[in-house]
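Observations on the model geometry
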Amino acid sequence: MQPIRQGDVILLPVQQVEGQKIPHLTLAEGEVTGHKHRITEGEAELLEKDSTLYLRVFSDSALLAHEEHKAISIPQGDWIVKIQREYEPEGWRYVAD
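**Topic: the overall build of the chain**
Secondary structure assignment for the chain yields zero helices and 10 strands. Listed N to C, the secondary structure of the chain is β-β-β-β-β-β-β-β-β-β in terms of helices and strands. Classification of the 97 residues of the chain by burial places 38% in the buried group. By sequence separation, contacts in the chain at least 24 residues apart represent 54% of the contacts at least 6 residues apart.

This is the structure:
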């Protein structure tokens, strides 16, 4: 499986996920707009361990939606959720969506 990117969120395939189940499917929320990267269709769960999010998709696919980006189909499997960062003269910062 290949990495999947939507805005500042990138999903990387992993062999195994573990952690505590989170009662929602929001992968990230925009600091400025409040828009959310979230799973809107399909069967999935979000887990958190040591401040890292993991997504497990049980159905054949799940739909990752966001108000300003095209919805993306996420294939069945286990994923680590990362927020992309960029370098500025002041140092590293998370990409604002």
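**As for the pattern of salt bridges**
With the rule as written, the count across this model stands at four salt bridges. Residue K49 is joined to E18 by a salt bridge in which the shortest nitrogen-to-oxygen separation is 2.2 Å. Placement of the pair is K49 in strand 6 (residues 44-49) and E18 in the loop between strand 2 (9-13) and strand 3 (20-22), with a sequence separation of 31 residues. Since its relative accessible area comes to 35%, K49 is described here as partly exposed. A residue is classified by how much of its surface remains accessible, and E18, at 39% relative accessible area, is partly exposed. Notably, a salt bridge pairs R56 with D78, separated by 2.9 Å at the nearest N-O pair. With R56 in strand 7 (residues 52-66) and D78 in strand 8 (residues 69-83), this pair connects stretches of sequence that are 22 residues apart. When salt bridges that share partners are traced, they join K21, E45, R56 and D78 into one network.

**A closer look at unusual backbone geometry**
The backbone of D50 sits at a positive phi, close to 55°, despite the residue not being glycine. Mapped onto the elements of the fold, D50 is located in the loop between strand 6 and strand 7. Overall, D50 belongs to the exposed group, its relative accessible area being 67%. Phi at S51 takes a positive value of approximately 65°, unusual for a residue other than glycine. The residue S51 is located in the loop between strand 6 and strand 7 in this model.

**Some points on the side chain of H66**
Mapped onto the elements of the fold, H66 is located in strand 7. A polar contact is formed between the side chain of H66 and the backbone nitrogen of E68, at a distance of 2.9 Å.

**Describing the pairing of strand 5 (residues 36-41)**
Summarising the sheet, strand 4 (residues 26-29) and strand 5 pair through three bridges and their orientation is antiparallel. Residue pairing for strand 5: A28 is matched across the bridge by H37. With three bridges connecting them, strand 5 and strand 7 associate as antiparallel partners. Considered in strand 7, the bridge of R38 is made with A65.

Conventions and cut-offs
Residues numbered from 1 in each chain as written. Predicted model: local features only at pLDDT ≥ 70, side-chain atom pairs only at ≥ 80, totals over all residues. Heavy atoms only, no water. Helix = DSSP H or I, 4+ residues; strand = E, 2+ residues; numbered from the N terminus. Buried < 20%, exposed > 50% of the residue type's maximum accessible area, 1.4 Å probe, protein only. Contact = heavy atoms within 4.5 Å. Salt bridge = Lys/Arg side-chain N within 4 Å of Asp/Glu carboxyl O. Polar contact = N/O pair within 3.5 Å; in protein donor to acceptor, adjacent residues only side chain to side chain. Pairing = 2+ DSSP bridges.

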